[in-house]
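Report on the structure
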Amino acid sequence: MSHRSSVVLKTLTLLAAASALLLAGCNRVPSTIRIGVAQPMSGNLAALGQDMHNGVKLAVDELNKSGFRVKDQPVTLEIVAVDDRSDAATGKEVARQLVDAGVVAVIGHLNSGVSIEAAPIYAEKGIAQLAISTNPKYTDLGLKTTFRLVANDNLQAKAIGSFGGGLPATRFAVVDDGTPYGKGLADGAAAELKKAKKEIVLRQSFDDKTTAFDGLAAKLKEGNVESVVSTLNDFQVLALLEALKKIDYTRLSLLGGDTIKTTAMLKGADVLQGGLFATSPILEPREFSAGAKFLEVYRAAFKTDPTYGGHYSYGAMYVLADAIKRAGSAKPEAITDMLYKFDGYSPVTGSMKFDSKGEQRYAVISVYAIRRGQWESQIRSDAW
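Quantities reported herein were computed from a predicted structural model and do not represent experimental measurements. (Residues numbered from 1 in each chain as written. Predicted model: local features only at pLDDT ≥ 70, side-chain atom pairs only at ≥ 80, totals over all residues. Heavy atoms only, no water.)

1. Details of the overall build of the protein
Scanning the protein from N- to C-terminus turns up 11 helices and 16 strands. In terms of its C-alpha atoms, the protein occupies a principal-axis envelope of roughly 105 × 40 × 35 Å. Looking at the protein as a whole, 55% of its 384 residues are labelled buried. In the protein, 66% of the contacts between residues at least 6 apart in sequence involve partners at least 24 apart. Working note: accessible area of the protein is about 16,500 Å², and carbon and sulfur atoms make up 52% of it. Taking the average location of the 45 positive side-chain charges in the protein and that of its 41 negative ones, the two points are 5 Å from each other. (Helix = DSSP H or I, 4+ residues; strand = E, 2+ residues; numbered from the N terminus. Buried < 20%, exposed > 50% of the residue type's maximum accessible area, 1.4 Å probe, protein only. Contact = heavy atoms within 4.5 Å. Areas by Shrake-Rupley, 256 points an atom, 1.4 Å probe, with all protein chains shown as cover. Lys, Arg positive; Asp, Glu negative; His and termini not counted. Charge placed at Lys NZ, Arg CZ, Asp CG, Glu CD.)

2. Remarks on the environment of alanine 157
As for its position among the elements, alanine 157 is in helix 5 (residues 153–165). Distance from alanine 157 to alanine 189, taken between C-alpha atoms, is 4.5 Å for residues 32 residues apart in sequence. Other than its neighbours up to four places away in sequence, alanine 157 contacts Leu185, Gly188, Ala189 and Glu192.

3. Looking at the packing of aromatic side chains
What the rule picks out here adds up to eight aromatic pairs. A ring pair is formed by phenylalanine 147 and phenylalanine 354, whose centres lie 4.9 Å apart and whose planes are at 70°; its orientation type is edge-to-face. Placement of phenylalanine 147 in strand 7 (residues 146–148) and of phenylalanine 354 in the loop between strand 14 (350–352) and strand 15 (365–371) is noted, with a sequence separation of 207 residues between them. You'll find phenylalanine 147 and phenylalanine 354 in the same group, each marked buried. Taken together, the ring pairs connect Phe294, Tyr298, Phe302, Tyr314 and Tyr318 into an aromatic cluster. The cationic tip of lysine 261 hangs over the ring face of tyrosine 368; the distance from NZ or CZ to the ring centre is 4.6 Å. (Phe/Tyr/Trp six-rings, centres within 6.5 Å; stacked < 30°, edge-to-face > 60°. Lys NZ or Arg CZ within 6 Å of the ring centre and 35° of its normal.)

Function cannot be inferred from these measures alone, as they are strictly geometric.
See below:
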């Protein structure tokens, strides 16, 4: 072999070795993988956001304690939590913060309006966004990275119309909180009620912070409304109940969305003679066979009961961890791709399978009523 050929061969060998090292470095699983949690941690919905955060934290603590490994390498999962304040502009800001922090996936947001605004920011970096938001527009954005943990409002609107149509009431009012979630669901519910031949005598929007409802209470009485369909938040409905009590007009029922199916709402249990109901894609932990164990562990960790969907965020974290292991990678794009490819399993809620749009394949809507100091399921369906 000539000297020149020898030099060329050595150079090619060194280049091949360098390429192999570079490729190995690109595929190397980091020792710490960051997961973003974006929820309202302050303001009126802080209790709901804290519950969602608690669910992720519980799962991460368990996974780390169990010795989580990817490609047979020990990995520590780390939460990067941000407060979106239930505000779309803040949601976009904290989404950028999470991207800059190097998270590989995000469990967030609670509010549909926030999720919709933040989604393109995550999508630009291929970061999977697992939201409990229910407005259909979220997964209609055409982004590969949008995943929903529960049923959407198309099904929930049908549930409201079906259940409301069976109530002993003909004169309805429909009110909403002005958010994409609230207005969209209320419009869908109103359409379903009209199909059921119910009369909508009042249709009104507020903002999501209003608590002065003396005027609304007066309109309900003046219109002889027999049932109210509301997508207001729990603290707003409680304020409305107080306004109705002041004018002694409580001989009606109220059917709300999932933002009133909270422990705080139990304070209004005995106000309305027609009953207080809530539709929700979020089933109670105690409705699942593994729910009792989850409640025991949750209470031990946080010294309180879950208030909203912590068992869903808990499950979402387990599904994410499984996707990371199956992908053998901490690259956001690889994780996002994997989420579409397998039947995820949540330790509490069971199957968590996403369709081609990121919607839940096995989602249901339940209607609840307050009975004996707690929300009890009255009927449940995946079709309505």
